[in-house]
Amino acid sequence: MDLRELVSALNDFASPSLAESWDNVGLLVEPSPPHTVNTLFLTNDLTEEVMEEAVHKKADLVLSYHPPIFTPLKRVTWKTWKERLVVRALENRIGIYSPHTAYDAIPHGVNNWLAKALGACTSVPLHPSTAPSSPGEGTHRVEFCAHAEHLDAVLSKIKDIPEVSCLTTLPARVGGEDQTRVILNCSQKALLEVVALLSQNSLYHKTEILLLQKPLLSHTGMGRLCTLSEPVSLSDVVKHVKGHLQLPHIRLAVGVGRTLESPVRKAALCAGSGSSVLKGTEADLYLTGEMSHHDVLDAVAKGISVILCEHSNTERGFLSELRDALAIHLQNKINIVVSEKDRDPLQVA
């Protein structure tokens, strides 16, 4: 597949617009076009060891769940390991694409895979995403009516205001008189200018202002709150999590007033680093990769047990499931390989 065709397909699989605003997702490194992708290489972290594996396996595009370029690079030299990744990628004509939190949000993504560690359950996002394309443009809708002879000068000035869009006019009947209804979308900043202009022309008292709220997506968003079909003891949940993530050890903090035999009915989870996503959620259990010491203490004090599995251990196992899903999505047009060198940097010594 052509690289640009593949990137479009990957964006369809998980829209980059679903990623968190602080994230850096999408195509991060692009070899000069045209660039054909025969082998797509999947990894959770793109380290130098993993890059050498990608070169050895003749990858044309690396899909790295975590973006290897996050903070801006001021130069690309051989000095730092992230700069060297870019150098090696371009030398070997390998593109780099990262989905990161877009894959956290989607219903067929990382968090839903992690929820399988709990067994049979129903889940909803802790922080639902908003529909990326609804409404179209602007944050506010402004509607007002006026006589046609008063409108030309006002509309001319409105059209000159930046960030005003979707301006339409319709015939209207108001108080038995023929008038014109004006409808427009605008940004928060432009709204102040529009209102000031209408006030100057004695139209403000006839104006309606609506906040354009984007609808929430019921199965898409950050984190998951899982309700188990049947209550399971904390000790059994620990066994299930270790089995699903294929880990010999996890870290466990038992909530105040709880024991290993206490039932778990609701579990809140977040792949990776879960403190900010899980905070304030009422549940019997928090499941994530890592949390700060004080956030663990807060949860435990509220009677919430905490399972920590290390950051990337709550994400990496998704790659095999992703390989199969992408094979179907891409109609088996390219070879998809999962890294064998990718691993969590931490181990129990």
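Keep in mind it's a predicted model, so treat the numbers as computed, not measured. (Residues numbered from 1 in each chain as written. Predicted model: local features only at pLDDT ≥ 70, side-chain atom pairs only at ≥ 80, totals over all residues. Heavy atoms only, no water.)

(A) Spatial organisation of the packing of aromatic side chains. This structure, assessed with the given rule, holds 3 aromatic pairs. Seen in terms of ring centroids, F13 and Y103 are 5.8 Å apart; in terms of plane orientation they differ by 75°. Their pairing is edge-to-face. In this pair, F13 is assigned in helix α1 (residues 3-13) and Y103 in helix α4 (residues 101-105), connecting sequence segments 90 residues apart. You can call F13 buried: its relative accessible area is 9%. A cation over an aromatic ring shows up here: R84 above the ring of W78, its NZ or CZ 6.0 Å from the ring centre. (Phe/Tyr/Trp six-rings, centres within 6.5 Å; stacked < 30°, edge-to-face > 60°. Helix = DSSP H or I, 4+ residues; strand = E, 2+ residues; numbered from the N terminus. Buried < 20%, exposed > 50% of the residue type's maximum accessible area, 1.4 Å probe, protein only. Lys NZ or Arg CZ within 6 Å of the ring centre and 35° of its normal.)

(B) Representation of the nonpolar core in the model. Formed by 70 residues in total, the largest nonpolar core has its most connected members in Y103 and L326. The residues that make up this core include at least three from each of domain 1 (3-103 + 316-338) and domain 2 (106-129 + 220-308). Leaving out residues up to four positions away in the same chain, Y103 has contacts with F13, A14, L63, Y65, G109, V110, F318, L322 and L326. In terms of nonpolar packing, the next biggest core, distinct from the first, is built from 18 residues, A146, L151, L155 and L197 among them. (Core = buried A, V, L, I, M, F, W, Y, C linked by side-chain atoms within 4.5 Å. Domains from an automatic or database assignment. Contact = heavy atoms within 4.5 Å.)

(C) Local environment of the side chain of S98. Relative to the helices and strands, S98 resides in strand β4 (residues 95-98). With relative accessibility at 0%, the residue S98 sits in the buried group. Here the side chain of S98 touches S64 through a polar contact of 2.9 Å, landing on its backbone oxygen. If we ignore the near neighbours within four places in the chain, the residues touching S98 are N24, V25, G26, L28, S64, Y65, H66 and P67. (Polar contact = N/O pair within 3.5 Å; in protein donor to acceptor, adjacent residues only side chain to side chain.)

(D) Highlighting the pattern of salt bridges. Evaluation of the coordinates by the stated rule reveals 16 salt bridges. As a salt-bridge pair, K57 and E53 come within 3.0 Å of each other at their nearest N and O atoms. For K57, a relative accessible area of 26% translates into the label partly exposed. E321 is paired through a salt bridge with K116; the nearest N and O atoms lie 2.8 Å apart. Taken together, the residues span a long stretch of sequence, with E321 in helix α11 (residues 318-329) and K116 in the loop between α5 (110-115) and β5 (121-124) at a distance of 205 residues. Taken together, the salt bridges that share partners define one network made up of D45, R316 and D342. (Salt bridge = Lys/Arg side-chain N within 4 Å of Asp/Glu carboxyl O.)

(E) How the structure looks around the pairing of strand β16 (residues 305-308). Across the two faces of β16 the burial is the same, with S305 and I307 and V306 and L308 all buried. Direction of pairing for strand β13 (residues 251-253) relative to β16: antiparallel, over a ladder of 3 bridges. Note that in β16 the partner of A253 across the bridge is V306. Summarising the sheet, strand β15 (residues 285-290) and β16 pair through 4 bridges and their orientation is parallel. Looking across to β16, one finds that Y286 is bridged to V306. Following the chain from β15 across helix α10 (residues 293-301) to the adjacent parallel β16, one finds a crossover that is right-handed. (Pairing = 2+ DSSP bridges. Right-handed = clockwise from strand over helix to strand, strands pointing away.)

(F) Molecular detail of the UniProt feature "binding site: a divalent metal cation" (unreviewed entry) in the protein chain. Under the present numbering, the feature "binding site: a divalent metal cation" (unreviewed entry) in UniProt falls on H66, D104, H311 and E315. These annotated residues cover 250 residues of sequence, but their C-alpha atoms sit close together, with the largest distance between any two at 13.4 Å. Here D104 lies in helix α4. Among the residues examined, D104 registers a relative accessible area of 7% and is labelled buried. In contact with D104, not counting residues within four places along its chain, are Y65, V110, N111, G221, M222 and R224. Among the polar contacts listed, one links the side chain of D104 to the side chain of Y65, at a separation of 2.4 Å. Looking at the element boundaries, E315 is found in the loop between β16 and α11. Beyond its immediate chain neighbours, meaning those up to four positions away, E315 contacts N44, Y65, H66, V110, W113, A271 and G272. (UniProt positions renumbered as here; feature names shortened; annotations may be inferred.)

(G) Up close: the sheet that holds strand β9 (residues 177-186). Read across the open sheet, the 4 strands follow the order β8-β9-β7-β10; overall the sheet is antiparallel. Only two strands of the sheet have a single neighbouring strand rather than two, namely β8 (164-174) and β10 (208-211). Going from strand to strand, the sheet's axes swing by 15° on average, the running direction of each strand aside. Docked against the sheet, helix α7 (residues 188-200) engages β7 (140-146), β8, β9 and β10, running at close to 15° with respect to β7. (Axes fitted to C-alpha atoms, helices over the stretch in contact; angles between N-to-C directions.)

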